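A structural walkthrough
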Amino acid sequence: MREIFLKERAAHPLCEARDFVKLAYQSEFGGGHMAKDAAESLERLRSEYTACIGARIGPEDAFSPVGGGLVRLNLRPAAALGLRAETVNGLFAHAANQPRGSVEGLEEKLALLRSLAGELHLDAGELDGAIDDWHKAGFPAVGHSDAYHRAYRPAYRLVGDAAEAFLPLFQAIDAHVLERGRAVIAIDGDSGAGKSTLGALVAAVYGANLYRMDDFFLPPERKTPERLSEPGGNVDWERFRREIVDRLGSPLRYRPYSCRTGSCGAEVSVEPTAVEVVEGVYSLHPALRHAYDLKVFLAAAPDFQRRRILERSGERMLQRFAREWIPLEKLYFERLNVRGESDLTFELS
């Protein structure tokens, strides 16, 4: 957080105590107070976006750090990057709906801010007074200072930092939607790389259907040595192609397979959406690739992968991943050139 405060001073030399207080508030509580009505939020954003298109106020980064897993997505560069207003609003709404911080967490950041008054060229007494008055008022949402507004004309939305990490993906999806009216995305990659998390984010931002390859793993009776020796043989790609891939764009039904019960569950009915997302290892099997507009691969460095699986599943399951599932995935990735056939690759470490 110290680095974020100092970066804010460097990027906006005219910012005042109020602007640093706002930064601390956003880091802890996000922007949920602005996203209570989805339709109103989008209409307000569209109006701002229209004003931002072609506007210039000097150099401006697309993203500014806030902390707490959030960044400011600045609307002028966002428009220039080809992000649709609907996508920015979706990213904003998703971030606003996540669990946020606490008054205790905010007070810790304010204590840090007080300690940095000299480095930030702030009057310590004035800063203390502003924070104390704000505390007595119950820490309500606070706006930027008049000086900040005049100098920088702030226009941004708070979004999760994944928006910055996966910016090329959101740009590519928007390009397809603008050109064709729809987009089908597949997210494959290493165990523990975050495929499910990214798939859920994309689905939330675009109001998309989300299909999980975990729902199509091979039942035990079909896990013969011959089948498992096939690259990608650990998944029932035939059923996935028949029930999902061949019917994308039309109403469809399928029964998710449960590894816990070893059987298929209740039938799920799905209506088509403009964006459709498939996530999970084996989603880029050669028999399925033709259906996708965008093929995404998430590559996890070994230490990152081990840590993520351990945190998510525990030591016993980590050993099973290492012994059983990761070797099958590697066989599939290497023999079928999955990474090489992908449109976008993201390295996680």
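Right, let's get into the packing of aromatic side chains. Within the structure shown, the criterion is met by 15 aromatic pairs. A ring pair is formed by F170 and Y206, whose centres lie 6.4 Å apart and whose planes are at 20°; its orientation type is stacked. Taken as a pair, F170 in helix 10 (residues 167-180) and Y206 in helix 11 (residues 195-206) lie far apart in primary sequence, 36 residues in all. The class for Y206 is buried, based on a relative accessible area of 14%.

Once that is clear, we can look at the sheet that holds strand 10 (residues 275-279). A sheet is described by the order of its strands in space; here 5 strands give the open sequence 5-10-4-11-12, paired in parallel fashion. A strand with exactly one partner marks an edge of an open sheet, and here the two such strands are strand 5 (209-212) and strand 12 (344-348). Neighbour-to-neighbour, the strand axes of this sheet turn through a mean angle of 20°, independent of strand direction. Where strand 4 (residues 183-189) lies against strand 11 (residues 294-300), 5 bridges are found, and the strand directions are parallel. Across the sheet, the residue bridging to A186 is K295, located in strand 11. Packed onto the sheet, helix 11 meets strand 4, strand 5, strand 10 and strand 11 and runs at close to 170° relative to strand 10.

Next up on the list: the environment of L14. Turning to its location among the elements, L14 is positioned in the loop between helix 1 (2-11) and helix 2 (17-29). In this structure L14 comes out as exposed when scored by relative accessible area, which is 52%. Placed 135 residues apart in sequence, L14 and H149 show a C-alpha to C-alpha distance of 10.0 Å. The residues contacting L14, other than those within four sequence positions of it, are R9, A147, A151 and Y152.

This paragraph deals with the pairing of strand 3 (residues 156-160). Burial runs high along strand 3: 4 of the 5 residues are buried. Of the pairings in the sheet, the one linking strand 2 (residues 70-74) to strand 3 comprises 5 bridges and is antiparallel in character. Looking at the pairing, L73 lines up with R157 of strand 3.

The end-to-end C-alpha distance of helix 14 (residues 302-335), which contains 34 residues, comes to just 20 Å, noticeably less than the 50 Å that a straight helix rising 1.5 Å per residue would cover. Maximal helix bending in helix 14 amounts to about 125°, located at G314. Structurally, helix 14 contributes buried residues whose contacts are with strand 4, helix 12 (225-228), strand 11 and strand 12. A positive phi of about 50° marks N337, the residue just after helix 14.

Space inside the largest pocket adds up to approximately 740 Å³. D214, F217, C259, F321 and W325 are the residues nearest the centre of the largest pocket, which is lined by 30 residues in total. Considering each element in turn, the lining of the largest pocket owes the most residues, 8 residues, to helix 14. Across the lining of the largest pocket, the residue classes break down as 11 nonpolar, 9 polar and 10 charged.

Looking now at the pairing of strand 5. Two faces make up the sheet, and in a regular strand the side chains alternate between them. Burial along strand 5 is one-sided: the residues N209 and Y211 are buried and none of L210 and R212 is. The pairing of strand 5 with strand 10 spans 4 bridges and is parallel. Along strand 10, the bridge assignment pairs N209 with E276.

Here the structure, examined in full by the defined rule, presents 1 cavity of 30 Å³ or more. Its boundaries defined by the atoms lining it, the largest cavity holds a volume of some 30 Å³. As for the largest cavity, its lining consists of R227, L228, E230, G232, G233, N234, Y282, L328 and Y332. Elements that contribute at least two residues to the lining of the largest cavity include exactly helix 12 and helix 14. Class assignment of the residues belonging to the lining of the largest cavity gives a composition of 4 nonpolar, 3 polar and 2 charged.

Attention now goes to the sheet that holds strand 1 (residues 63-67). With antiparallel pairing, the 3 strands of this open sheet are ordered in space as 1-2-3. Looking at the sheet topology across the chains shown, the edges are occupied by strand 1 and strand 3. The sheet shows a mean angle of 30° between the axes of neighbouring strands, taken without regard to direction. Both strand 1 and strand 2 contribute to a ladder of 4 bridges, which runs antiparallel. Looking at the pairing, F63 lines up with L73 of strand 2.

Conventions we followed
Residues numbered from 1 in each chain as written. Predicted model: local features only at pLDDT ≥ 70, side-chain atom pairs only at ≥ 80, totals over all residues. Heavy atoms only, no water. Phe/Tyr/Trp six-rings, centres within 6.5 Å; stacked < 30°, edge-to-face > 60°. Helix = DSSP H or I, 4+ residues; strand = E, 2+ residues; numbered from the N terminus. Buried < 20%, exposed > 50% of the residue type's maximum accessible area, 1.4 Å probe, protein only. Pairing = 2+ DSSP bridges. Axes fitted to C-alpha atoms, helices over the stretch in contact; angles between N-to-C directions. Contact = heavy atoms within 4.5 Å. Expected span 1.5 Å × (residues − 1). Bend = angle between axes of the 7 residues up to and from the residue. 1 Å grid on protein atoms, 1.4 Å probe; cavity = no way out; pocket = protein on both sides within 12 Å on 5 of 7 lines; lining within 4 Å. Points joined across faces, edges and corners; volume = space filled by probe spheres on them. Nonpolar A, V, L, I, M, F, W, Y, C, P; charged D, E, K, R; others polar.

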